[in-house]
Amino acid sequence: MKVPLRLEFNKIDTIFHSTPSPLNLSHQSYRQISFTHRSTNLNNLLNATLHTKHLKHATQIHTQIITNNYTCLPFLLNNLLNLYAKCGNINRNLLLFSTNHGGFKNVVIWTSLITQLSRSSKPFKALTFFNKMRSTGIYPNHYTFSAILPACADSMMVEHGEQMHCLIWKHGFQTDIFVGTALVDMYAKCTDMTSAERVFAEMPDRNLVSWNSMIVGFLQKKLYYRAVEIFREIRRQVSDSPDEVSCSSVLSACANIGCLEFGRQVHGIAFKHGLVALTYVNNSLMDMYCKCGLFGDALELFKTIGDRDVVAWNVVIMGCVHCGKFEEACRYFWFMRTEGIAPDETTYSSVLHASASLSALNQGTLIHDQTLKTGFMNNACVASSLITMYAKSGSLVDANRMFEEIQERNLVCWTAMIAACQQHGCANQAIELFEEMLGKGIEPDYISFVSVLSACSHAGHVEEGFVYFSSMTEVHGMNPGPEHYACMVDLLGRIGKLEEAKRFIESMPIKPDSSVLGALLGACRNYGNLEIGREIAKRLFALEPDNPGNYVLLANMLMRKGMMEEADEVRRSMGINGVRKEPGCSWIDVKNITSVFTVHDRSHSRTDEIYEMLRKLEELVIRKGYKPETQFAVNSVEGYKEQSLWYHSEKLALALGLLALPVGAPIIIKKNLRTCGDCHTVMKFASEIFGREIILRDINRFHKFTNGLCSCKDYW
DNA sequence: CTAGGGTTAG
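Residues numbered from 1 in each chain as written. Chains lettered and ligands numbered in written order. Predicted model: local features only at pLDDT ≥ 70, side-chain atom pairs only at ≥ 80, totals over all residues. Heavy atoms only, no water.

In the nomenclature of an unreviewed UniProt entry, chain A is known as DYW domain-containing protein of Carya illinoinensis. Taken verbatim from the UniProt record of chain A, the Sequence similarities (unreviewed entry) comment is "Belongs to the PPR family. PCMP-H subfamily." (UniProt positions renumbered as here; feature names shortened; annotations may be inferred.)

This is how it looks when you write it as structure tokens:
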């Protein structure tokens, strides 16, 4: 950077003598420019202003350039362009450029403008000016190509970059290290790693930046091991040691593959080269430790950082979410604000995820308020998170309201809303939304198909489900994944076509995973098909021996058929394998206080009233024709069964809700496992008897009980 | 006048 230490001429000279540092330029100096007619003086003042970045001063100099007819001087024009860019006013550049028809423009000036447009993420404008430049007969040079290639990458159309690649050959800049690196980066960003690798291989020489571009490329293509391999190559054959870009990028790769061992090595390398204090490296390190399950180590690092930027906080908040510390995630969110760090869309999506996982409507609403105050309400990412938060907190109405308010809905917004409807049992609405989305020309992806297929299965739309399923390959050119196959198995299983579901699994081109087999096992439970159920359960035990759910499901099926010995055997094998059923637990909020219940819980301060309420409830439901479904009782001691059934956690929570919530208010209960069949029946009766809406959110769906019916249509 | 980086939503 050129900084005028001393200016030679009259008035300006005296000004600078009185203010030795260009940073101290007073407003006075700019007013006095009018006394000078020398372009060099103006240029020196321009250079000085590059440091102060005052837009007002830039415009004053600009006026002088025009009044003195200096627009024909390329260096002045060029420096002015750069000055406007430094002041963060790209529009001024465009204006200056377009109004300056008579002015002389050389390749340097054009390149300056293209660079600025490229950097201010206006890729299409940059490309337009590149073409304009060529049409005026000026040839691009290696600077121009280095500047335009990031814009090509940004335009997300590899065709632009490929055309540029041809031009580079035509003009003979393919051997330039900057151009080569920019090409590698462009292909990598357009996820064409084959071309990136070819260009990289053909480069006559490469520097660290070139190598780093390769790491980043593989990172983006999720080829993490190859990213790690490049890092190793750098250590082996590049004379420069890895810098902060190499380290932060490769750490991201380590984080994604959960490779703690190599991540630790990189930590050591970064330490050796004095890079650990750098923000990027630090944040990547924290993320790596979080994703490798060492949240504590990440937090240790976090505490050592003096200047924690928003990404550092985001990484910690995500880390909390990652290891299920949802309350802590919310605490960090409020804490970062006290340190004066403004949340961004990443922060909001992470903390809303935490809030959704807690089904904490009050917390979520407070965060919603914050998004409004900080102007994030029109952000598609934040809005999608809000939809999911409201839906998972039990309020489909609010989720829908959020959806309606979004001005520009992207695929994720639509999918969030479709999933919300699906989780709340509004399958038809989910399917309608999906169709509406297709009508708007939005291309569905992997996740949106999962949502619509589960809606189909939920509503029993077999044919529609199969049409959507085959449209994945036929129309949208994607291969169904395990989740989609699981939906189809569920679809068949739900209507009792167990044999067909089994054949469907046999015909799968990919190996059925636990979600696919689990769907069939669930169907077998619901239809009491022990024969297929046993077989599928065995396959599941082999596939995921640590999942208690499968053992419990099979044991329940056996008990239902009165095969107590075999049921006990299943339970015993669970013990032998060291698997323990997670204790069922339910919670309910009353006036901002959360009460948690486990089975037979007597720890609540209103225990006596709760048990009295349950006694009354039992009387009332029996009068309505309720029969206990004892197969859901875990304890096999006769006579104790019914009683045990009555003190399941969700029933205790229901009783408290009935006691403590105002008449007419919905009773919202959350449970950590799938809800038990007997409790489900009782909830239905209770909703009718008390004329209240009961919302039970279990591990995988919402049950909304109204007037004796459940939104899940008794299949979950 | 030129090339590369960390966190996120369904």
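### Concerning the overall build of chain A
In terms of regular secondary structure, chain A is built from 38 helices and six strands. If you line up chain A on its principal axes, its C-alpha atoms span 105 × 55 × 55 Å. Sorting the 716 residues of chain A into buried and exposed places 53% on the buried side. Look at the contacts in chain A between residues 6 or more apart in sequence, and 63% of them connect residues 24 or more apart. Total accessible area on chain A stands at roughly 33,300 Å², and carbon and sulfur atoms take up 53% of it. A distance of 5 Å separates the average location of the 72 positive side-chain charges in chain A from that of its 71 negative side-chain charges. (Helix = DSSP H or I, 4+ residues; strand = E, 2+ residues; numbered from the N terminus. Buried < 20%, exposed > 50% of the residue type's maximum accessible area, 1.4 Å probe, protein only. Contact = heavy atoms within 4.5 Å. Areas by Shrake-Rupley, 256 points an atom, 1.4 Å probe, with all protein chains shown as cover. Lys, Arg positive; Asp, Glu negative; His and termini not counted. Charge placed at Lys NZ, Arg CZ, Asp CG, Glu CD.)

### Considerations on the domain arrangement of chain A
For chain A, the domain assignment lists domain 1 (1–104), domain 2 (308–408), domain 3 (411–467), domain 4 (481–581) and domain 5 (585–710). Computed from C-alpha atoms alone, the centre-to-centre distance between domain 3 and domain 4 is 26 Å. Contact residues are listed per partner, giving twelve residues for domain 3 and twelve residues for domain 4. Interface area for domain 3 against domain 4, summed over the two sides, is near 1,100 Å², with a carbon-plus-sulfur share of 78%. When the buried area of domain 3 at its contact with domain 4 is split by residue, Tyr446, Ser457 and Phe466 rank highest and sum to 49% of it. (Domains from an automatic or database assignment. Buried area = accessible area lost by both parts, 1.4 Å probe.)

### A word on the sheet that holds strand 1 (residues 585–590)
Spatial strand order, 2-1-3-4-5-6: six strands in an open sheet with mixed pairing. Two strands lie at the open edges of the sheet, namely strand 2 (593–598) and strand 6 (709–710), each paired on one side alone. As defined by bridge partners, strand 1 adjoins strand 3 (residues 667–671) across three bridges and the pair is classed as antiparallel. Each bridged residue has a counterpart across the sheet, and for Trp587 the counterpart in strand 3 is Lys670. (Pairing = 2+ DSSP bridges.)

### Remarks on the packing of aromatic side chains
Scanning the model with the defined rule gives 23 aromatic pairs in all. One cation-aromatic arrangement involves Arg409 over Trp414; the distance from NZ or CZ to the ring centre is 5.7 Å. (Phe/Tyr/Trp six-rings, centres within 6.5 Å; stacked < 30°, edge-to-face > 60°. Lys NZ or Arg CZ within 6 Å of the ring centre and 35° of its normal.)

### Some thoughts on the pairing of strand 3
Of all five residues making up strand 3, four are buried, and the element is well covered by its neighbours. The pairing of strand 3 with strand 4 (residues 694–697) spans four bridges and is parallel. Across the sheet, Ile667 pairs through a bridge with Ile694, a residue of strand 4.

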